[in-house]
Amino acid sequence: MNEITSTEPSSDTGRFGDIGTNIPVKLTKEELTELSTVKPLRACLHVAGEWALIAATIYLCQRFWHPMLYVFAVAFIGSRQHALLVLMHDGVHYRLLRNRRLNDWMSEVILAWPHLVTARQYRKNHFAHHKYLNTAQDPDLKRRAGDPVWVFPQTAPNMARTLFRDATGLNAPAMLKLAAAVAAADSVPTGFLVARYGFYATALGVIAYAGGLKGFALYWVIPMFTWLVMIMRIRSIAEHHAIDEPGNAYPRTRTTEATWLERIFLAPKNVNYHIEHHFFPSVPFYRLPELHTILMSKPGYRESAHVTSTYWGVLEESVGRTPSNGSRAHVESSSTLEGIRRVVEATV
């Protein structure tokens, strides 16, 4: 069977956001074609399921109101907002629906716009990130250059202070600044702007008419500018920071072996498999655990890939500590593959 490093099974390399070069691990054409198959119904069920979980959380919190229940609701809704953004990310790579117009409509209206971002603008930024990963042209690194909170390792008190400010909403302006920076890099047609802001005006009008402005603030705005900001930072650190491995074939990119609790509150939709995504962005989120299992069986991958056990292990690495769980060292083949097998089987 032919072995390939292309990021997709067809010939238009780069279609999903990566140029398909410098990938030190290979898949057969058959493996990549199979893993890259888009299942629209599965994607739609995930989208609908996340919105249903948000609605159910709001209902239960209102029905059995208690301050501690509300704190849980904020964290859980923030995590579901993150899940919706991860699904939007798959849409940016055209991995939700086979029809591109429907894919982009879902990515924008159902997933991106409610979070004050656009899939269109994110795609331009994100494809550049894939193409120029960890170079001076990487737009994500350019935005963080000179910012001390993105310099690693840093002290544990500084890290704790930053995460506290995220979780309490004090760093919310940074999220708005990031969204504005991404938006500034793209020129948007007038029709798109009219549709987007018409969506916001209509949505707010309906919410206000229904007397739901207070609920909107409590159950959408506050989670988005507190818990979501914090977990987006932790995810960003995990993906490309606090990794000092010059010369490694897998430069400054990390996969995190998340616990079941972290998969709920920090890393939904297999977003923790980040090396795998960069190598093969044509693979949709629901096949990433399987891709990880395959790559772990390939010569050289286990020895070279930076895989950290748990997001707590990532935070330990970010403050210059060797994780207490020995996260940088890869566990033995049998136990690792067995654990990954269970993750695959448990993934919808």
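In case you missed it, the structure is sitting above this.
The shown structure was predicted, so the numbers you read here are calculated from the model rather than taken from an experiment.

(A) Region of interest: the overall build of the protein. Helix and strand counts for the protein come out as 17 helices and four strands. Considering the protein as a whole, with its 348 residues, one finds that 48% of them fall into the buried category. For the protein, the proportion of contacts with a sequence separation of at least 24, taken over those separated by at least 6, is 73%. Per element, the accessible surface of the protein, about 16,500 Å² overall, is 64% carbon and sulfur.

(B) How the structure looks around the nonpolar core. Grouped together as the largest cluster of nonpolar side chains are 53 residues, with contacts concentrated most on Leu-87, Met-88, Leu-96, Leu-111, Met-159 and Tyr-311. The dominant element in this core, judged by the number of residues it contributes, is helix α3 (residues 67–92), at 10 residues. With near-sequence residues (within four places) excluded, Met-159 lies in contact with Phe-152, Gln-154, Ile-237, Leu-315, Ser-318 and Val-319. Counting residues in hydrophobic clusters, the runner-up holds 19 residues, among them Val-25, Ile-275, Ile-294 and Val-307.

(C) Representation of empty space enclosed by the protein. All chains considered together, the criterion is met by one cavity of 30 Å³ or more. Reported here for the largest cavity is a volume of approximately 90 Å³. In terms of lining residues, the largest cavity is bounded by 14 residues, among which His-89, Asp-90, Val-271, His-277 and Leu-288 are the most central. Within the residue set of the lining of the largest cavity, elements represented by two or more residues are α3 and α13 (274–279). Tallying contributions element by element places α3 first for the lining of the largest cavity, with three residues. Among the residues making up the lining of the largest cavity, the classes are represented as seven nonpolar, four polar and three charged.

(D) Region of interest: unusual backbone geometry. Cis peptide bonds are those with omega within 30 degrees of zero, and the linkage from Phe-152 to Pro-153 qualifies with -5°. You can see Pro-153 is positioned in the loop between α6 (139–144) and α7 (156–167). The phi torsion at Asn-270 lies on the positive side, around 60°, for a residue other than glycine. With respect to the element layout, Asn-270 can be found in the loop between α12 (260–265) and α13. When its relative accessible area of 5% is taken as the criterion, Asn-270 is described as buried. In this structure, Thr-310 takes a positive phi of about 75° despite not being glycine. Topologically, Thr-310 is positioned in the loop between β4 (306–309) and α16 (311–318). For Thr-310, a relative accessible area of 13% puts it in the buried group.

(E) Inspection of helix α11 (residues 227–240) at higher detail. Between its first and last C-alpha, α11 extends 21 Å over 14 residues, near the 20 Å set by a 1.5 Å rise per residue. When you tally the buried positions in α11, you get 12 out of 14 residues, the bulk of the element. For α11, the set of buried residues is Leu-228, Val-229, Met-230, Ile-231, Arg-233, Ile-234, Arg-235, Ser-236, Ile-237, Ala-238, Glu-239 and His-240.

(F) Layout of the packing of α11 against α16. Look at α11 against α16: their axes get within 10 Å of each other, and the N-to-C directions meet at 70°. Considering the angle they form, α11 stands roughly perpendicular to α16. Counting all contacts with α11, which are made through Ile-234, Ile-237 and Ala-238, the residues of α16 involved are Tyr-311, Val-314 and Ser-318. Here the residues of the contact of α11 with α16 are counted per class, giving five nonpolar, one polar and no charged.

(G) Geometry of the layout of surface pockets. There is about 530 Å³ of room inside the second largest pocket. Lining the second largest pocket are 22 residues, with Pro-114, Ala-203, Ile-207, Phe-216 and Trp-220 positioned closest to its centre. Going through the elements one at a time, α2 (40–63), α4 (100–112), α9 (190–209) and α10 (213–225) are the ones with two or more residues in the lining of the second largest pocket.

(H) Layout of a nonpolar patch on the surface. A surface patch of nonpolar side chains, amounting to about 350 Å² of accessible area, comprises Tyr-59, Leu-60 and Phe-64. For Leu-60, the location among the structural elements is in helix α2.

Criteria and thresholds
Residues numbered from 1 in each chain as written. Predicted model: local features only at pLDDT ≥ 70, side-chain atom pairs only at ≥ 80, totals over all residues. Heavy atoms only, no water. Helix = DSSP H or I, 4+ residues; strand = E, 2+ residues; numbered from the N terminus. Buried < 20%, exposed > 50% of the residue type's maximum accessible area, 1.4 Å probe, protein only. Contact = heavy atoms within 4.5 Å. Areas by Shrake-Rupley, 256 points an atom, 1.4 Å probe, with all protein chains shown as cover. Core = buried A, V, L, I, M, F, W, Y, C linked by side-chain atoms within 4.5 Å. 1 Å grid on protein atoms, 1.4 Å probe; cavity = no way out; pocket = protein on both sides within 12 Å on 5 of 7 lines; lining within 4 Å. Points joined across faces, edges and corners; volume = space filled by probe spheres on them. Nonpolar A, V, L, I, M, F, W, Y, C, P; charged D, E, K, R; others polar. Expected span 1.5 Å × (residues − 1). Axes fitted to C-alpha atoms, helices over the stretch in contact; angles between N-to-C directions. Parallel < 35°, antiparallel > 145°, perpendicular 65-115°, else oblique. Patch = residues over 30% accessible without salt bridge, like charges linked within 9 Å, V, L, I, M, F, W, Y side chains within 5 Å. Salt bridge = Lys/Arg side-chain N within 4 Å of Asp/Glu carboxyl O.

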